[in-house]
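Observations on the three-dimensional arrangement
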Amino acid sequence: MAASAETIAEKLTTLSLDRTVKSSSPEVARTQAALTRGLTVCNVENEEKLANIAWFITKKIRAEGHYAEATDVIEGANAVLLGAKAKQDCAELLSLYAVNRIQGSTHSDAVAGGRGLYRSTGVIN
């Protein structure tokens, strides 16, 4: 992650947007909100772990020629797990998200597909 940034959210936003952003920027605030919410639905130890997973997924989607931002990736997991009965393995969920995006699905389609799958398995209502 970017060495000069002060917070995990600022580091992740800087990496994702490929430009320096101020810690007070709306983009960093959005990333921070996504990370904070993500810790309530993802079974991860801390923000840094979630940020690392999201950045890995973002890089993979980009490597396959598709547009992706790390904040969108985290928000996608948050949207899929809205109403989850317990915290989930977001690495697994985001891998599914990445596969859908790489196969050409939009962010919205990948989220809708994930919600359908998690609903059918009883993870969410």
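Below you will find a few notes about this structure. (Residues numbered from 1 in each chain as written. Predicted model: local features only at pLDDT ≥ 70, side-chain atom pairs only at ≥ 80, totals over all residues. Heavy atoms only, no water.)

Concerning the overall build of the chain
- For the chain, the count of helices and strands is six helices and zero strands.
- From first element to last, N terminus to C terminus, the chain shows the α and β order α-α-α-α-α-α.
- Taking 125 residues into account, the globule formula puts the C-alpha radius of gyration at 14 Å, and the chain, at 14 Å, falls close to it.
- Its C-alpha atoms put the chain at 45 × 30 × 20 Å along the principal axes.
- Burial statistics for the chain: of 125 residues in total, 43% are counted as buried.
- If you take every contact in the chain between residues at least 6 apart in sequence, the share linking residues at least 24 apart comes to 56%.
- Summed over its atoms, the accessible surface of the chain is roughly 6500 Å², and 52% of this surface lies on carbon and sulfur atoms. (Helix = DSSP H or I, 4+ residues; strand = E, 2+ residues; numbered from the N terminus. Rg over C-alpha atoms; globule rule 2.2 N^0.38 Å. Buried < 20%, exposed > 50% of the residue type's maximum accessible area, 1.4 Å probe, protein only. Contact = heavy atoms within 4.5 Å. Areas by Shrake-Rupley, 256 points an atom, 1.4 Å probe, with all protein chains shown as cover.)

Points about the side chain of Gln88
- By the element assignment, Gln88 lies in the loop between helix H4 (70–80) and helix H5 (90–102).
- In this structure Gln88 comes out as buried when scored by relative accessible area, which is 18%.
- A distance of 3.0 Å separates a polar atom in the side chain of Gln88 from the backbone oxygen of Ala86. (Polar contact = N/O pair within 3.5 Å; in protein donor to acceptor, adjacent residues only side chain to side chain.)

Considerations on helix H3 (residues 47–63)
- Between the first and last C-alpha of H3 there are 24 Å, a value that for 17 residues agrees with the 24 Å anticipated at 1.5 Å per step.
- Looking at H3, one finds that the buried residues are Leu50, Ala51, Ile53, Ala54, Trp55, Ile57, Thr58 and Ile61.
- Structurally, H3 contributes buried residues whose contacts are with helix H1 (8–17), helix H2 (26–41), H4 and H5.
- At the N-terminal boundary of H3, the capping side chain belongs to Asn46, with an oxygen 3.1 Å from the backbone nitrogen of Glu48.
- Two residues or fewer past H3, Gly65 is found with a positive phi of approximately 90°. (Expected span 1.5 Å × (residues − 1).)

Looking at unusual backbone geometry
- One non-glycine residue with positive phi stands out, namely Asp18, at about 55°.
- With relative accessibility at 69%, the residue Asp18 sits in the exposed group.

Things to note about the side chain of Thr13
- Within the element layout of this structure, Thr13 appears in helix H1.
- Taking the relative accessible area as the measure of exposure, Thr13 reaches 2% and is therefore buried.
- Reaching out from Thr13, the side chain makes a polar contact with the side chain of Thr31 at a distance of 2.8 Å.
- In this structure, Thr13 is in contact with Asp18, Val21, Glu27, Val28 and Thr31, ignoring residues within four places of it in sequence.

A few points about the pattern of salt bridges
- Scanning the entire structure with this criterion turns up five salt bridges.
- As a salt-bridge pair, Glu27 and Arg19 come within 3.5 Å of each other at their nearest N and O atoms.
- In this structure, the salt-bridge partner of Lys60 is Glu64, at a minimum N-O distance of 3.5 Å.
- Overall, Lys60 belongs to the partly exposed group, its relative accessible area being 40%.
- Look at Glu64 and you get partly exposed, because its relative accessible area is 40%.
- Sharing partners across several salt bridges, the network here consists of Arg30, Glu69, Asp72 and Glu75. (Salt bridge = Lys/Arg side-chain N within 4 Å of Asp/Glu carboxyl O.)

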